[in-house]
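Observations on chain architecture
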Amino acid sequence: MLIVFSGLPGTGKTTIARKLAQQISAVYLRIDVIEQAIRDACVLAGDVGASGYGVANALALSNLRLGHTVVADCVNPVRESREAWKGVAATAGVALLDVQVICSDRQAHQRRVESRTGDIPGLVPPTWPSVLAHEYEEWDEVPVTLDTALLTPDQAVALILKKLL
């Protein structure tokens, strides 16, 4: 199975995705880690662009073909990236679960963003203005949506596990 977490920075998707991946012993792919590794390699003349998603899609497909469950942790802001994940799942012949993580409490979301400390060497955490300006298209089909203003990470993982049964 491919489980793709989507949502703006600071909503709590990484916390939930990590907990879920640990609990179900899934391969965990975090776009931020992949993109920073690409930047650190100094192989691109410009911005990373969609290359991090391309690498993550390829890694997900290879692990799905080995029979592993994959948890992908990304903003996944546009239709193109969402369709790519659908394509990976279809190519591998596995089910896809899209999970959108939101935080309906704007003040709590802002606090989270502004109090974040980076856990990826070299990656500067986003600012609140950059989160507000971040592109994030509406979904064609509404995915499973978790509101971290109303759920703890453990409650969110429990809800996802129920969906997997």
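Please read these numbers as outputs of a predicted model, since none were measured by experiment.

The subject of this paragraph is the packing of aromatic side chains. Two descriptors summarise a pair of aromatic rings, namely the distance from one centre to the other and the angle between the planes of the rings. Scanning the entire structure with this criterion turns up zero aromatic pairs. Sitting over the ring of tyrosine 136, arginine 82 keeps its end group 5.1 Å from the ring centre.

Moving on, we come to the pattern of salt bridges. Tallied over the entire structure, the rule returns eight salt bridges. The partner of arginine 79 in a salt bridge is glutamate 137, with the nearest N and O atoms 4.0 Å apart. Highlighted residues: arginine 79 in helix α4 (residues 79-92) and glutamate 137 in the loop between α6 (128-133) and β5 (144-147), separated in sequence by 58 residues. Using a relative accessible area of 27% as the deciding quantity, one classes glutamate 137 as partly exposed.

Attention now goes to the sheet that holds strand β3 (residues 70-73). Strand order in this open sheet of five strands is β2-β3-β1-β4-β5, and the pairing throughout is parallel. Every interior strand has two partners, whereas the edge strands, β2 (27-30) and β5, have only one. Averaged over all pairs of adjacent strands, the angle between their axes in this sheet comes to 20°, without regard to strand direction. The pairing of strand β1 (residues 2-6) with strand β4 (residues 96-102) spans five bridges and is classified as parallel. Of the residues in β4, the one forming a bridge with phenylalanine 5 is valine 99. Running at roughly 170° to β1, α4 makes contact with β1, β3 and β4 of the sheet.

Considering the arrangement of structural elements, one finds asparagine 63 in helix α3 (residues 51-65). On the basis of relative accessibility, which here comes to 16%, the residue asparagine 63 falls in the buried class. One polar contact links the side chain of asparagine 63 to the main-chain carbonyl oxygen of leucine 59, over a distance of 2.9 Å. With sequence-adjacent residues up to four places away left out, asparagine 63 is seen in contact with Val27, His68 and Val70.

The next subject is the state of the cysteines. Enumeration over the complete set of coordinates arrives at zero disulfides. No disulfide involves cysteine 74; its sulfur sits 19 Å from the nearest other cysteine sulfur, which is in cysteine 103. Accessibility expressed as a relative area gives 2% for cysteine 74, which makes it buried. Here cysteine 103 falls in the buried class, since its relative accessible area comes to 10%.

What follows is about the packing of helix α2 (residues 31-41) against α3. Here α2 crosses α3 at 120°, and the two axes come no closer than 9 Å. In this view, α2 runs oblique relative to α3, as classed from their interaxial angle. Considering only the axes of α2 and α3, their crossing is right-handed. Residues Ile31, Ile34, Glu35 and Ile38 of α2 touch α3, and the partners they reach there are Ser51, Gly52, Tyr53, Val55, Ala56 and Leu59.

Turning next to the nonpolar core. Counting residues in each nonpolar core, the largest one holds 20 residues, and the members touching the most others are Leu2, Ala60, Val70 and Trp85. Secondary structure elements with two or more residues in this core: β1, β2, α2, α3, β3 and α4. At five residues, the largest contribution of residues to this core is made by α3. Those residues in contact with leucine 2 that lie beyond four places of it in its chain are Ala60, Leu64, Val70, Trp85, Val88, Ala89, Val94, Ala95, Leu96 and Leu97. Core analysis: the second largest hydrophobic core is formed by 16 residues, Leu20, Leu146, Val157 and Ile160 among them.

Moving on, we get to the environment of methionine 1. Checked against the element boundaries, methionine 1 lands in the segment before β1. Residue classification places methionine 1 among the partly exposed residues on the basis of a relative accessible area of 30%. For the pair formed by methionine 1 and aspartate 73, sequence separation is 72 residues and the distance between their alpha carbons is 14 Å. Those residues within four positions of methionine 1 in sequence are excluded, and the remaining contacts are Leu64, His68, Thr69, Val70, Val94, Ala95, Leu97 and Leu164.

About the thresholds
- Residues numbered from 1 in each chain as written.
- Predicted model: local features only at pLDDT ≥ 70, side-chain atom pairs only at ≥ 80, totals over all residues.
- Heavy atoms only, no water.
- Phe/Tyr/Trp six-rings, centres within 6.5 Å; stacked < 30°, edge-to-face > 60°.
- Lys NZ or Arg CZ within 6 Å of the ring centre and 35° of its normal.
- Salt bridge = Lys/Arg side-chain N within 4 Å of Asp/Glu carboxyl O.
- Helix = DSSP H or I, 4+ residues; strand = E, 2+ residues; numbered from the N terminus.
- Buried < 20%, exposed > 50% of the residue type's maximum accessible area, 1.4 Å probe, protein only.
- Pairing = 2+ DSSP bridges.
- Axes fitted to C-alpha atoms, helices over the stretch in contact; angles between N-to-C directions.
- Contact = heavy atoms within 4.5 Å.
- Polar contact = N/O pair within 3.5 Å; in protein donor to acceptor, adjacent residues only side chain to side chain.
- Disulfide = S-S within 2.5 Å.
- Parallel < 35°, antiparallel > 145°, perpendicular 65-115°, else oblique.
- Left-handed = near helix turned anticlockwise from the far one by under 90°.
- Core = buried A, V, L, I, M, F, W, Y, C linked by side-chain atoms within 4.5 Å.

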